[in-house]
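# Examining the three-dimensional arrangement
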Amino acid sequence: MLRNVGRYRFGRVAALVVGVYLVAMVGAGVFAAVTRDLSVLAAGALTYVPSGEEDGWLWLLLAAKCGFNAWVLWQVLRGPALPLAEGLPRDVVWLRRLLYVGVAGDLVLWELVEAVVSGVYDAALGYAVWVVTVVLLVRVFSGVSAWLRVSVLVLVLGGVPASWALILSGAGTPVLLALPGVASMGGLVLLIIGQRRDGRWSETTITCGRVVMVSPLAVPLLATVAGYVSFAGAPLAVGAIGLVNAVWLARTAHELGTSAPQPAAAQPAAARGSRLPLAVALALPLAAVGAEEGARYSFTGTDVGCGDQVRPYADTRPVDRRQAYLCLARTGVFDRPVFGEDEPDQHVLAYGDRLCAGDHREGVLTPAGLDALEFLCPDVVARQRVETMRDQEERAREYVAWEAEVAAMSDRCTDPWPRMRGRRQGTAAYLFGEGGGYAVRDDRDGIGEEDPFPEDGIVDAAGSAAVVLTHTDRPMCLTVKAFRSAPPLRLKGWRDVVEVGVRSRSGRLVVPPYPEGGDSGAVEPLPNLAVAGPGPYRMRVYSRLRPRHPDMSAEEHLIVVYPGRSTKKVVHRG
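So, here's what we can say about the structure. Per chain, residue numbering runs from 1 following the sequence as it is written. Predicted model: local features are reported for residues with pLDDT of at least 70 only, side-chain atom pairs are reported and counted for 80 or more only, and whole-chain, interface and lining totals are derived from all residues. No hydrogens and no water enter the side-chain calculation; it runs on all heavy atoms of the structure.

## A word on the overall build of the protein
Strands here are runs of E lasting at least two residues and helices are runs of H or I lasting at least four, both read from the DSSP assignment and numbered beginning at the N terminus. Tallying secondary structure elements over the protein gives 15 helices and 10 strands in all. A 1.4 Å probe rolled over the protein chains alone gives each residue an accessible area, and that area as a share of the maximum for its type sets the label: buried under 20%, exposed over 50%, partly exposed in between. Relative to its full complement of 574 residues, the protein shows a buried share of 40%. Working rule for contacts: check all heavy atoms of both residues, and any pair within 4.5 Å makes them a contact. Residue pairs in contact within the protein that sit at least 24 positions apart in sequence constitute 72% of those at least 6 positions apart. If you sum the accessible surface of the protein, you get close to 31000 Å²; carbon and sulfur atoms cover 59% of it. For the accessible areas, the method is Shrake-Rupley and the probe is 1.4 Å, while residue cover comes only from the protein chains on display.

## A few points about the sheet that holds strand 2 (residues 438-441)
Taking strand neighbours across the sheet as the criterion, the three strands line up as 2-4-3 in an open arrangement whose pairing is antiparallel. The outermost strands of the open sheet, each flanked by one partner alone, are strand 2 and strand 3 (459-462). Neighbour-to-neighbour, the strand axes of the sheet open up by a mean angle of 20°, direction not taken into account. Pairing between two strands requires that DSSP report at least two bridges joining them. Axis definition: a line fitted to C-alpha atoms, over the contacting stretch in the case of helices. Angles run 0 to 180 degrees between N-to-C directions.

## Some details on the packing of aromatic side chains
Centres within 6.5 Å are what make two rings of Phe, Tyr or Trp a pair, Trp counting through its six-membered ring; a difference in plane orientation under 30 degrees is then read as stacked, over 60 as edge-to-face, and the rest as tilted. In the structure shown here, the tally under the stated rule is eight aromatic pairs. Ring centres of Y430 and F432 lie 5.0 Å apart, and the angle between their planes is 50°; on these two criteria the pair is classed as tilted. Geometrically, a lysine NZ or arginine CZ counts as sitting over a ring once it is within 6 Å of the ring centre and also within 35 degrees of the ring normal. When the ring centre of W94 is taken as origin, the NZ or CZ atom of R97, which lies over that ring, is 4.7 Å away.

## Digging into the sheet that holds strand 6 (residues 496-504)
Strand order in the open sheet made by the seven strands is 7-1-5-9-8-6-10, with mixed pairing throughout. Edge positions in the open sheet fall to strand 7 (521-522) and strand 10 (570-573), since each of these has one partner strand only. Pairing analysis gives two bridges linking strand 1 (residues 424-431) to strand 7, with the strands arranged antiparallel. Pairing of L431 across the sheet is with G521, part of strand 7.

## Points about helix 15 (residues 378-412)
What a helix is expected to span follows from its residue count: subtract one and scale by 1.5 Å. Compared with an ideal rise of 1.5 Å per residue, which puts 35 residues at 51 Å, helix 15 spans 51 Å between its outermost C-alpha atoms and is within 8% of the ideal. Considered for burial, the residues of helix 15 that qualify are V381, V406, M409 and S410. In this fold, the buried residues of helix 15 make contact with helix 14 (367-373) and strand 1.

## Some thoughts on the pattern of salt bridges
Salt bridge, as used here, is a side-chain nitrogen of Lys or Arg placed within 4 Å of a carboxyl oxygen of Asp or Glu. Counted by the stated rule, this structure contains 14 salt bridges. Across the salt bridge formed by D198 and R200, the nearest N and O atoms sit 2.7 Å from each other. The residues D198 and R200 share a single accessibility class, namely buried. Between R544 and E556 there is a salt bridge, and its shortest N-O distance comes to 3.1 Å. Residue R544 is found in strand 8 (residues 535-545), and its partner E556 is found in strand 9 (residues 555-563); the two are separated by 12 residues along the sequence. Given the relative accessible area of 2%, E556 is considered buried. Salt bridges here are not isolated pairs; linked through shared partners, they connect D371, E374 and R385.

## Concerning the environment of Y542
With respect to the secondary-structure elements, Y542 resides in strand 8. Sequence spacing of Y542 and R490 is 52 residues, and the spatial spacing of their C-alpha atoms is 9.2 Å. Residues adjacent in sequence count toward polar contacts only when both atoms are side-chain atoms; beyond that, a polar contact is any pair of N or O atoms within 3.5 Å, and within protein one must be able to donate a hydrogen and the other to accept it. A polar contact is formed between the side chain of Y542 and the backbone nitrogen of R490, at a distance of 3.5 Å. In terms of polar contacts, Y542 uses its side chain to reach the side chain of R540, at 3.1 Å.

## Quick look at unusual backbone geometry
The residue after L82, namely P83, is reached through a cis peptide bond having omega -5°. Of note, P83 is situated in the loop between helix 3 (56-77) and helix 4 (90-116).

## Digging into the packing of helix 12 (residues 321-329) against helix 13 (residues 345-356)
Packing of helix 12 against helix 13 brings their axes to within 10 Å, and their N-to-C directions diverge by 95°. Between helix 12 and helix 13, the interaxial angle falls into the category roughly perpendicular. On helix 13, the residues touching R322, Y325, L326 and A329 of helix 12 are D345, V348, L349, Y351 and G352. Residue composition of the contact of helix 12 with helix 13, grouped by class: six nonpolar, one polar and two charged. In these notes the angle categories are as follows: under 35 degrees is roughly parallel, over 145 is roughly antiparallel, 65 to 115 is roughly perpendicular, and the rest is oblique. Just so you know the grouping, Ala, Val, Leu, Ile, Met, Phe, Trp, Tyr, Cys and Pro go in nonpolar, Asp, Glu, Lys and Arg go in charged, and all remaining residues, Gly too, go in polar.

## Observations regarding the nonpolar core
Within the largest apolar cluster, 38 residues are counted, with the highest numbers of intra-cluster contacts made by L95, L137, V152, L191 and W248. Counting only elements with at least two residues in this core, the list comes to helix 3, helix 4, helix 5 (119-140), helix 6 (146-169), helix 7 (174-198), helix 8 (203-228) and helix 9 (233-256). For this core, the element with the highest residue contribution is helix 9, accounting for nine residues. For L95, the residues in contact, after removing those within four places along its chain, are T133, L136, L137, V140 and L256. Formed by 28 residues, the second largest nonpolar core is a distinct cluster that contains V480, A530, V541 and I559. Grouping buried Ala, Val, Leu, Ile, Met, Phe, Trp, Tyr and Cys residues that are joined through side-chain atoms within 4.5 Å yields what is termed a nonpolar core.

## With respect to the state of the cysteines
Cysteine sulfur atoms that pair up within 2.5 Å are treated as a disulfide. Applying the stated criterion across every chain yields a total of two disulfides. The residue that forms a disulfide with C356 is C377, at a sulfur-sulfur distance of 2.0 Å. Handedness here is read from the sign of the S-S torsion; for C356 and C377, about -80°, the answer is left-handed. Taken together, the positions of C356 in helix 13 and C377 in the loop between helix 14 and helix 15 put the pair 21 residues apart, joining distant regions of the chain. With respect to burial, C356 and C377 carry one shared label: buried. Here C413 connects covalently by a disulfide to C477, the sulfurs 2.0 Å from one another. Disulfide C413-C477: torsion about the S-S bond near -80°, hence left-handed. Here C413 is found in the loop between helix 15 and strand 1, whereas its partner C477 is found in strand 5 (residues 476-482), with 64 residues between them in sequence. C477 carries the same exposure label as C413, and that label is buried.

What follows is the structure in structure tokens.
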């Protein structure tokens, strides 16, 4: 390189920059060897190394990458060879300028635009520069057929707009979305062929172009290797391939300024007519396109905050609706395990499609699930919501009718001992859960204690609670009366009469109201039976069957409570 410094327009400046860079990298290498820390050398090699990495092969790979970077700097900064050609056409002058802008963009300019503005402007500006560059490059070609020129323009310049159109329409499948990229790569193949036939560019420049041509295949392959295999050379190779594009653009510009068109040597007609290499080059990218089942969209899975950006269906553009569904579906809105980050988007979409098709085996749709599914099949969800609303209205009507029936049931319940008025008393219908039975307890005491279970007779008590068994779980009439002293013992007309002792520590003894008792309780509130405040009480339970009652269960209970210290259980009848 030092021997050729004077042959190039900016050779001395380029040699100085490359020399400073190499000296700095030698110092970084010595520092890495002494400290076992490769971070400084990795920064100079324009790559990243995990902290604490000391692999010997990695040290050699970083050194090789630094040498490659020095070669890139020399190729870019040295400028064209001397002497410069005179009287270059205006198209060539502007083409060289755009090529140098592309070099600056690849190395630093586009990243600055992305940091200052956004990635959208970065991509748009880079594409605009590339469009004009390709148009001018095709115009300056010599010895190239019109068919090749038109094919380059159609394939290279039509690929990206086609991709954008498919994305914005929301109708593109993964395979369709890959086809414009295949077209762009095919146009690049033709561009390199035209560059070689022109004759102004050296074999080294053409080789760099071939590397750029295959990079759309090589870079994803190396990135995949780096993601699944612990191979430090993969990210280094990806970075090196990315720099080759800058070298190709720079050398293309350099050599445009030093020579006139020199058509390549004539080739046999058979060779010129063969389209096999071109067909292979155009078909090769298809190998990189996986089956649609294995394809993945990249806007979900790791985007934790995407739910905050999802708008209602009516305010969401058609192109964004599948993304909105995928975001919501991964947040656990369906009656199934949450989709993991490693779940392919196709599986999530297929699950939604099955629900849209009415496959109820997939699970019951929750309201949140309907909100997500609306982005896939709004018509189906609209009908489902109408049906859900109709069902809710029907259940509401049934509940109103049930409440009316229960109220009427309480109205039909009467006091079985009207002549004996208690200090507190009440009559109501009592609804049972499965199995029947009910309790009278101090509802402010004994929380967490297990209620007693009557093993002998219909009632038993322990502490501040008494449990009464029933013969059925159908609604029955229940009357409660509280007295200051023991009322007369009345046995006539009752099947069972049992008396037990119960204590109220807080001054309350109540029958749980419906639905505080879960699925059982008194339909109307019944009074507190502890008329003397905290202390011991006797509770007498009457029960009987009423076979002639037309609307109610055949069972009726009367509970009498009065102060008393005895805890003995007395069976008066039963």
